[in-house]
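The lines below spell out each chain.
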Amino acid sequence: MDPEQIIKDLEDHLRDRFEKLRQDFQGIRTNRPSPELIENILVSYFDQKMPIKQLGSLSVKPPREIVVQVWDEQVISGIIKAIEEANLGLSVQRDENTIRAFLPPLTDERRTEMGKLLKKMAEETRITVRSLRDDANKKIKATEAEKTIGEDQLFKTKEKIQGATEKANAQIEELVEKKSGELSL
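Keep in mind that this is a model prediction, so the values were computed, not measured.

Q: It is not clear to me how the layout of surface pockets should be interpreted in this structure. Could you clarify?
A: Where empty space is left becomes clear once a probe the size of a water molecule has been rolled over the atoms. When its volume is computed, the largest pocket comes out at roughly 280 Å³. In terms of lining residues, the largest pocket is bounded by 16 residues, among which Phe-25, Gln-26, Lys-178, Lys-179 and Glu-182 are the most central. Counting residues per element, the ones that place at least two in the lining of the largest pocket are α1 (3-26) and α4 (151-184). Split by residue class, the lining of the largest pocket holds six nonpolar, three polar and seven charged. What lines the second largest pocket is simply Glu-11, Leu-14, Arg-15, Phe-18, Ala-164, Lys-167, Ala-168 and Gln-171. Elements that contribute at least two residues to the lining of the second largest pocket include exactly α1 and α4. A class-by-class count of the residues in the lining of the second largest pocket yields four nonpolar, one polar and three charged.

Q: Can you help me understand the confidence of the model for the protein in this one?
A: Any region with low pLDDT has predicted coordinates that should not be read closely. Residues of the protein with pLDDT of at least 70 account for 99%, and the chain-wide mean is 89. By mean pLDDT, helix α3 (residues 108-145) is the weakest element of the protein at 90, and strand β4 (residues 65-70) is the strongest at 94.

Q: So what exactly am I meant to see when it comes to the side chain of Thr-165 here?
A: Within the secondary structure, Thr-165 sits in helix α4. On the basis of relative accessibility, which here comes to 1%, the residue Thr-165 falls in the buried class. Once you skip the residues sitting within four places of it in the chain, Thr-165 turns out to touch Leu-14, Val-129 and Arg-133.

Q: How do you make sense of the packing of aromatic side chains when you look at a structure like this?
A: Note on aromatic pairs: each is described by the distance of the centres and the angle between the planes. Enumeration over the complete set of coordinates arrives at one aromatic pair. Centre to centre, the rings of Tyr-45 and Phe-46 are 4.7 Å apart; their planes meet at 65 degrees, and the pair counts as edge-to-face. The class for Phe-46 is exposed, based on a relative accessible area of 59%.

Q: Can you walk me through the packing of α1 against α3 in this structure?
A: Working note: a packed helix pair is described by the angle between its axes plus the distance between those axes. Closest axis-to-axis distance for the α1/α3 pair is 10 Å, and the angle between their directions is 170 degrees. One element, α1, and the other, α3, form an angle in the roughly antiparallel class. Contacts between α1 and α3 involve Pro-3, Ile-6, Leu-10, His-13, Leu-14, Arg-17, Leu-21, Asp-24 and Phe-25 on the former and, on the latter, Leu-118, Met-121, Ala-122, Thr-125, Thr-128, Val-129, Leu-132, Arg-133, Ala-136, Lys-139, Ile-140 and Thr-143. Looking at the contact of α1 with α3, its residues break down into 13 nonpolar, four polar and four charged.

Q: What should I look at first to understand the pattern of salt bridges in this one?
A: When the charged atoms of two side chains lie near each other, side chains of opposite charge can form a pair. Evaluation of the coordinates by the stated rule reveals 16 salt bridges. Note that Glu-4 is salt-bridged to Lys-160, the shortest N-O span being 3.3 Å. Here Lys-160 lies in helix α4 and Glu-4 lies in helix α1, a separation of 156 residues in the sequence. Judged by its relative accessible area of 45%, Lys-160 is partly exposed. Glu-173 is the salt-bridge partner of Arg-126, the closest N and O atoms lying 2.7 Å from each other. Taken together, the positions of Arg-126 in helix α3 and Glu-173 in helix α4 put the pair 47 residues apart, joining distant regions of the chain.

Q: Just to check I follow, could you spell out the side chain of Thr-157 for this structure?
A: Relative to the assigned elements, Thr-157 resides in helix α4. The buried category is assigned to Thr-157, whose relative accessible area is 3%. Residues contacting Thr-157, with those up to four places away along its chain left out, are Pro-3, Ile-7 and Ile-140.

Thresholds applied
- Residues numbered from 1 in each chain as written.
- Predicted model: local features only at pLDDT ≥ 70, side-chain atom pairs only at ≥ 80, totals over all residues.
- Heavy atoms only, no water.
- 1 Å grid on protein atoms, 1.4 Å probe; cavity = no way out; pocket = protein on both sides within 12 Å on 5 of 7 lines; lining within 4 Å.
- Points joined across faces, edges and corners; volume = space filled by probe spheres on them.
- Helix = DSSP H or I, 4+ residues; strand = E, 2+ residues; numbered from the N terminus.
- Nonpolar A, V, L, I, M, F, W, Y, C, P; charged D, E, K, R; others polar.
- pLDDT = per-residue confidence, 0-100.
- Buried < 20%, exposed > 50% of the residue type's maximum accessible area, 1.4 Å probe, protein only.
- Contact = heavy atoms within 4.5 Å.
- Phe/Tyr/Trp six-rings, centres within 6.5 Å; stacked < 30°, edge-to-face > 60°.
- Axes fitted to C-alpha atoms, helices over the stretch in contact; angles between N-to-C directions.
- Parallel < 35°, antiparallel > 145°, perpendicular 65-115°, else oblique.
- Salt bridge = Lys/Arg side-chain N within 4 Å of Asp/Glu carboxyl O.

Dropping the structure here:
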């Protein structure tokens, strides 16, 4: 296998993994309301599961309110039920075709729990990153064993693999710090 293709595949996998972590972090509640907190909650609508973002428009009304302007009145009770079952600690009210979800202030205990959850999710992603790095190194080693690349190219490719891994870990750490900062506000 071509060493450049191995590196490109690794970078693609690392980018996908980072994007998944970023999306997972969006679902973690901070002290600020965000539409991302509820937009992907699935609601039963005519025997289909649809995310809230496809059933109405979402907005934020500071300081602690998420507003869902529902397009079809028939789905309002389903959306309210889905938000309550998501166990996000939101209190939900209906006002005609509008649903208001209120965020209570975070307690210190809940902040600590969320911080631990962030670190756990980040560590799981780092483990995946290391596994992807090891797989890429195995592929490049197999390529060298087939005598399709020389020792110099093997060394340079391993350096690029390590560089991509370090970059991914730095991005993960930056994301954790940013989200942790949001928790403490």
